[in-house]
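Overview (structure and organization)
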Amino acid sequence: MFKDGESRIKTMIQGALVIAKKDMKIYYLKPPVLIFGVLFPLFLFLSFAVGRNVPLDTLVPGMVGITLFFTASSVVPLILPWETRLKTLELLISAPIGVNTILLGDILASFIFGIIISLLPLTLGLFVFGANLVYFPILVLNIILSSFCFSCLGNIISFPPTSEPSQIMMFSNLIRLPLIFISGIFIPVSEMPAWGRIIAPLSPLTYTTELTRFALGGQTSYSPYISFVMIALFSVVFLVVGFALHKKSMPKRVQNL
Amino acid sequence: MKPAIKVENLTKYYGKFLALEKIDFEVREGEIFGFLGPNGAGKTTTQKILTGILKPSGGQVSILGYDMEKDPYNAKRFTGIVPDETNAYVDMNAWDNLTLIGELYGMPKKNIEVKAKELLEIFQLYDRRKDRVKGFSKGMKRRLILSMGLIHNPRILFLDEPTSGLDVQSTRLIRKMITDLNREGVTVFLTTHDIEEANQMCDRVAIIYQGKIAAIDRPENLKKAVKAAQSIEVSFHRQVEIIKELEDLPEVDEVRKQGDKIRLFTREPGKVIRPLVEYAHKNRLEFLTLNTLGPSLEEVFVKLTEDKESVAGV
Ligand SMILES: Nc1ncnc2c1ncn2[C@@H]1O[C@H](COP(=O)(O)OP(=O)(O)O)[C@@H](O)[C@H]1O
Ligand SMILES: [Mg+2]
């Protein structure tokens, strides 16, 4: 069957689509997903924005960035603990598909979730707050790439072989919360203090926010090309690291089934 | 012809605990192969390794000639699995669970629909196909799991204690289904702790005890071992110190003292009673209890293990 790489990739993508379809049916409406993926970023943002006079070109990119970041990275880490607990993972592992195919499917489901939910703050920003959309294609490409990048990050977060979703949720917020403070969400990179400008490039969310700001005609510190390249780079690294970590932890996870 | 399943030197550790110790066996294509052992013997562990779920600590597994380690894709393609516990997606309905498995095994959409309908009808779940599995009874879940193991027309079917804890009617339905499938050419690997089930259904039976294969044999030989493990349990109004005389009674194979009770192992309990009564009379012993006991599973396995060791020792 696996004579050539092309059919191998095709099989992998087909398998991942099957997995993603299953994930969408089951996990999108689970309470922890809605709480940590939709409500949490909303409240987090409101608590910073309300009452302070945040300019529109900071408000809307921040809202879009934070939503994308939390939603896209919130579905995928919850799937494996659930599947471990209910032993459904056995079904997937014993099927003729590889572990990476399963992971890719979960990433895909999370990625689509991120895109769908990010349309909410975007609509709000454009039609209620009246933000100005200048570069539509950049916005679209940014949302797609960023959502993929954060799903891959979520996939890394889910590597500990636990069957307890709440454990992963804690771990995940431990990683995600600090990142939002260095990513130009509340203060644009250009207005950050010197130390902020040094660590901001280490967060992929920085580039998402920058690109959204750029697409809405705001001032940015990095060129959109650099931002796109950085997000793509982060995605590849997250994907590869995630595959490697899961490869290590999967036997332990399966043993606990 | 390549064996359907070939297992060599299979070893599995859980941490430091040795769950399987250098197991070897082959399953021929077209047979029903029983894998019989008491609780904790290592049956589920073996099935999970053979189906590519668990990684072994050592040894080789090949399915229809495909090595599980080197070519997992092909080694997994032809197997259908019925696990010991329900692992269907309880948040999806029966239909979606079935089609998911069909899709994972790369079946065309049309074939999935035809086969899913057929199986759900056979297992009397068709009317409930749009209901979430969460609300299913234990029996319904078991039937769904069976359908999920069969949707992709597997060439080898693995079943982990498929009838354990089920009512007589469902048990009969499942056993009939297994023999029917086997008649159509499906190789069956049947895990069970039920000696009767193994005897009735299987062409050959492997007996596993404490992670080791005690014997691989035809069911007839198994029946002999079962017979040999029958016993009579007696207790008298006073302690009997010398049991030599009891061992010399006709048809008695072995005598063991267990507390204030004495057990006489025999193939023919009926023929031991009269000499036993005479023995008691002669020694002025009064019976407090007298029971004939069928073999416990453990005893049969111990018996078989001992037989094997004594053969190996010669
Ligand atoms: N995940 C696990 N971790 C540690 N020990 C296990 C695990 N699974 C099974 N065991 C142990 O391995 C032995 C064999 O178990 P199992 O294969 O489930 O036996 P069976 O199916 O024959 O009842 C048992 O002693 C069991 O306690
Ligand atoms: Mg078992």
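Note: the structure precedes this text.
Below: a short report on this structure. Numbers given to residues run from 1 along each chain, matching the order in which its sequence is written. Chain A is the first chain written and ligand 1 is the first ligand written, with later ones labelled in order. Residue-level local features of this predicted model are given only where pLDDT is at least 70; pairs of side-chain atoms are given and counted only at 80 or more, and the full residue set underlies all totals for whole chains, interfaces and linings. The basis for the side-chain values is all heavy atoms of the structure; hydrogens and waters are excluded.

This next bit is on the overall build of chain A. A run of H or I in DSSP becomes a helix once it reaches four residues, and a run of E becomes a strand once it reaches two; helices and strands are each numbered from the N terminus. Along its length, chain A carries 11 helices and zero strands. The globule rule is 2.2 Å times the number of residues to the power 0.38, and the radius of gyration it is compared with is taken over C-alpha atoms. Relative to a compact globule of 257 residues, whose C-alpha radius of gyration would be 18 Å, chain A shows 19 Å and is just as compact. Taking the principal axes of the C-alpha coordinates as reference, chain A spans close to 55 × 40 × 35 Å. Relative to its 257 residues, chain A shows a buried fraction of 56%. Within chain A, counting contacts between residues at least 6 apart in sequence, those at least 24 apart form 80% of the total. With 17 positive and 10 negative side-chain charges, chain A shows a separation of 6 Å between the mean positions of the two kinds. Remark: exposure states derive from per-residue accessible area (1.4 Å probe, protein chains only) relative to the maximum for the residue type, with buried under 20%, exposed over 50%, and partly exposed in between. In this analysis, two residues are considered to be in contact whenever any of their non-hydrogen atoms come within 4.5 Å of each other. Neither His nor the chain ends is counted toward charge; the positive residues are Lys and Arg and the negative residues Asp and Glu. Positions of charges follow a simple convention, taking NZ of Lys, CZ of Arg, CG of Asp or CD of Glu.

Our focus in this paragraph is the nonpolar core. Residues and elements named next belong to chain B. Ile5 and Phe25 are the most contacted members of the largest nonpolar core, which totals 161 residues. Setting aside its immediate chain neighbours within four residues, Phe25 contacts Ile5, Lys6, Val7, Phe33, Phe35, Thr46, Leu50, Phe189, Ile213 and Ile216. The term nonpolar core refers to a set of buried residues drawn from Ala, Val, Leu, Ile, Met, Phe, Trp, Tyr and Cys, joined through side-chain atoms within 4.5 Å. In this structure, Val234, Phe236, Leu246 and Leu276 belong to the second largest nonpolar core, which totals 16 residues.

Residue and element names in this part refer to chain B. If you walk across this open sheet you meet the four strands as β2-β1-β4-β5, and the pairing is antiparallel. Single-partner strands in this sheet number two, and they are β2 (17-27) and β5 (66-67). As judged from the two bridges shared by strand β4 (residues 58-63) and β5, these two strands associate in the antiparallel manner. What sits directly across from Ser62, in β5, is Asp67. One bridge is not enough; two strands pair if DSSP finds at least two bridges between them.

All right, on to the interface of chain A and chain B then. If you look at the interface, chain A gives 26 residues, while chain B gives 29 residues. Once two parts are put together, the accessible area they lose, assessed with a 1.4 Å probe and summed over both, is termed the buried area. Interface area for chain A against chain B, summed over the two sides, is near 2500 Å², with a carbon-plus-sulfur share of 65%. Salt bridges are defined as contacts in which a side-chain nitrogen from Lys or Arg sits within 4 Å of a carboxyl oxygen from Asp or Glu. In this structure, Asp96 of chain B engages Lys25 of chain A in a salt bridge whose closest nitrogen and oxygen atoms are separated by 3.6 Å. Think of a polar contact as two N or O atoms within 3.5 Å of one another; within protein, one of them needs to be a possible hydrogen donor and the other a possible acceptor, and neighboring residues in sequence only count if both atoms come from side chains. Applying the counting rule to chain A against chain B returns eight residue pairs in polar contact (both at pLDDT 80 or more). Looking at the side of chain A that touches chain B, the elements with two or more residues in it are α1 (5-27), α5 (89-94) and α11 (224-255) of chain A. Ranked by residue count, the leading element in the side of chain A that touches chain B is α1 of chain A, at eight residues. The residue classification treats Ala, Val, Leu, Ile, Met, Phe, Trp, Tyr, Cys and Pro as nonpolar and Asp, Glu, Lys and Arg as charged. All others, Gly included, are polar. A class-by-class count of the residues in the side of chain A that touches chain B yields 15 nonpolar, four polar and seven charged.

From the geometry alone we can't say anything about function, so treat these as descriptive.
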